[in-house]
Structures are given as structure tokens and as C-alpha cells.
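Chain and residue survey
This is what each chain is made of:
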Amino acid sequence: MPITKDLEKLLDSKNKLLKSIQVCCDSIEFWEERANEAFSRMDELENESFDFNEAHRLSLAKESEKILNRVNFENSQLDMLEAKILDLEDSIIKTLAKYAKKQKK
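Everything in this summary refers to the structure shown in the same document. (Residues numbered from 1 in each chain as written. Predicted model: local features only at pLDDT ≥ 70, side-chain atom pairs only at ≥ 80, totals over all residues. Heavy atoms only, no water.)

**Quick word on the pattern of salt bridges**
How we decide: Each salt bridge in this description consists of a side-chain nitrogen of Lys or Arg and a carboxyl oxygen of Asp or Glu lying within 4 Å of one another. Every helix listed is a DSSP run of H or I at least four residues long, and every strand listed is a run of E at least two residues long, numbered separately from the N terminus. Using a 1.4 Å probe on the protein chains alone, a residue whose accessible area is under 20% of its type maximum counts as buried, one over 50% counts as exposed, and one in between counts as partly exposed.
Under the counting rule described, the total for this entry stands at six salt bridges. For the salt bridge of Arg70 with Glu74, the shortest nitrogen-to-oxygen distance reads 2.8 Å. Of the two residues, Arg70 and Glu74 both sit in helix 2 (residues 54-104), four residues apart, roughly one turn of that helix. Residue Arg70 is classed as partly exposed on the basis of its relative accessible area of 35%. The network of salt bridges with shared partners includes Arg34, Arg41 and Glu63.

**What to know about the nonpolar core**
Nonpolar side chains in soluble globular proteins tend to be buried together. Quick reminder of the rule: Here the nonpolar core consists of buried residues drawn from Ala, Val, Leu, Ile, Met, Phe, Trp, Tyr and Cys, with membership extended through side-chain atoms lying within 4.5 Å. The contact definition used throughout considers only heavy atoms, calling two residues in contact when any of these lie within 4.5 Å.
Listed in full, the twelve residues of the largest apolar core are Ile3, Leu7, Leu10, Leu17, Ile21, Cys24, Ile28, Leu78, Leu81, Ile85, Leu88 and Ile92. Mapped by element, the contributors of at least two residues to this core are helix 1 (3-47) and helix 2. The element that contributes the greatest number of residues to this core is helix 1, accounting for seven residues. Sequence-distant contacts of Leu10, defined by excluding residues within four places in its chain, comprise Leu88, Ser91, Ile92 and Thr95.

**Some thoughts on the environment of Leu60**
Of note, Leu60 is situated in helix 2. With a relative accessible area of 2%, Leu60 lands in the buried category. In this structure, Leu60 is in contact with Ala38, Arg41, Met42 and Leu45, ignoring residues within four places of it in sequence.

**Points about the side chain of Ser27**
Positionally, Ser27 belongs in helix 1. Each residue touching Ser27, except ones within four places of it in the same chain, is listed here: Arg70 and Glu74.

Treat this as a map of the structure, not an account of what it does.
As C-alpha cells, this is what we get:
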């Protein structure tokens, strides 16, 4: 297979991974905004101590836990994708080195 086909295939895979990384980053940003909103509502609830609503506090705590779990999941996905990118970049370097070695002969 010619070097251009090999590199095109590797670069296409890298671009797909980069798009997935961007989706994870966008998702993390979304969930962080949701978390900030929930934390703000918790702060408001704490400041309104005269109108303390335990059920509302528990609801916000559960929502915050779900959001943080989602952010943690997205972060682990991001770590996995970044590892795949590094492996792919290593393959690109090896492919180029192999091609350069053939050109020297």
C-alpha cells in the first residue's frame, strides 16, 4: 500500500478521534454549567434558612451527584480518547520512519 494511503487512513482516524474529543469537551462544558446552576440553587437555599426545605435540598444534592458522575464519565472518556490519539500519532511516526528507511535503499 502506498505511503499516502497509509497516512490518509491514519490521519482520517485521528480526525475522527479529534471530533470525539471535541464532543466530550462540549459535553463536559454543558454538565459543568448545569452543576454551577445546581450549586447556585443550593447556595440560595442555604441563605433562605427560614424557609428550609429538606426535600428540595435532597433533590438538589441528587441532581448534583448525577451531574458530577456525568462529568467524571466524560473525563474518563476524554482520557481514553487522548491515549488513542497518542497511539495513533506513534503509528504515524512509525509509518513515516518505515517509508523514509525504504527511500534510503
